[in-house]
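Residue strings, one per chain:
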Amino acid sequence: MRGLAKRYGDVQAVGGIDLDISPGEVFAILGPNGAGKSTTVEILEGYRKRDAGEVSVLGVDPGRPTREWRSRVGVVLQTANDMTEATVRETVRHFAGYYPDAEDPDAVIEQVGLTEKAGKRVRELSGGQRRRVDVALGVIGRPELLFLDEPTTGFDPEARRRFWDLIQGLAHRGTTIVLTTHYLDEAEALADRVAVIAKGRIVAEGEPATLGGRATAKATVRWAGGSLETDTPTRAVRELSERFDGEVPELTVTRPSLEDVYLGLIGD
Ligand SMILES: Nc1ncnc2c1ncn2[C@@H]1O[C@H](COP(=O)(O)OP(=O)(O)OP(=O)(O)O)[C@@H](O)[C@H]1O
């Protein structure tokens, strides 16, 4: 996308975004509430009209989506699916019918950890379980490109890990994945690259490990009774080891976390 922009009345939700996402990449879009993440993703999904800019998604302008294009794109929206009387299995089977080469519904239900709930009505599931149904519906059509808008909000820790495995499996099979998330550990675990958006603009872009100069930032060495910041932590640890004549009590060496860098970038 080039120069992507969208305004709602007085609010410039997206203020000129340039971004290239390569086939097979897992790309995370980070940013505070109201930064413009969902608006950007919804434009790419073909669910929202842009005001300006050039966008191509799998070679198609999402402003003019075709049926064939839609079947190649999987979408997990932020809003949960409507709560019908149908069971989990019926819902997933129903959606499988829309796609030419759908996955096996029971296998997908297993992947999202809902096998035990397959015969339950979606309406009767917990919020996190319903979210897993949304994820199942997003992947059932074997999409080439999958959009996930805050996919794990409401998941318990085990469900999040299981979801990460699912995404890593899809990425392994070559699915391109674009996700928004507020969980920086999620971005770090899944994403090849991330972009941080604030007030409708990209403020940083890169690999999670190197974002915002993270890899070259000073390390903090801490031990029982002291701490220091240094460019040469190995030397510092060696000196400490001599000072303590062996083991340094409660020794840790850390660099800024993705969260530290992120909070610096968005100005908190
Ligand atoms: N349909 C709409 N009508 C008017 N304003 C909107 C609409 N949708 C979003 N906005 C505004 O546009 C801005 C960007 O919203 P958007 O939902 O894209 O942010 P976001 O980064 O996805 O936020 P969150 O992390 O809270 O989901 C916000 O100021 C929001 O209030």
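The name that an unreviewed UniProt entry assigns to the protein chain is ABC transporter, with the source organism given as Planomonospora parontospora.

Sheet topology places strand β1 (residues 2-8) next to strand β4 (residues 52-54); two bridges connect them, and they run antiparallel. If you follow Ala5 over to β4, its bridge partner there is Ala52. Of the pairings in the sheet, the one linking β1 to strand β2 (residues 11-17) comprises five bridges and is antiparallel in character. Each bridged residue has a counterpart across the sheet, and for Arg7 the counterpart in β2 is Gln12.

Empty space within the second largest pocket amounts to approximately 320 Å³. What lines the second largest pocket is a set of 15 residues, among which Ile21, Ser56, Val57, Leu58 and Leu145 lie closest to the centre. Listing elements by their share of the lining of the second largest pocket, those giving two or more residues are β6 (145-149) and β7 (176-180). Here the residues of the lining of the second largest pocket are counted per class, giving 10 nonpolar, four polar and one charged.

What counts, and at which threshold
Residues numbered from 1 in each chain as written. Predicted model: local features only at pLDDT ≥ 70, side-chain atom pairs only at ≥ 80, totals over all residues. Heavy atoms only, no water. Pairing = 2+ DSSP bridges. Helix = DSSP H or I, 4+ residues; strand = E, 2+ residues; numbered from the N terminus. 1 Å grid on protein atoms, 1.4 Å probe; cavity = no way out; pocket = protein on both sides within 12 Å on 5 of 7 lines; lining within 4 Å. Points joined across faces, edges and corners; volume = space filled by probe spheres on them. Nonpolar A, V, L, I, M, F, W, Y, C, P; charged D, E, K, R; others polar.

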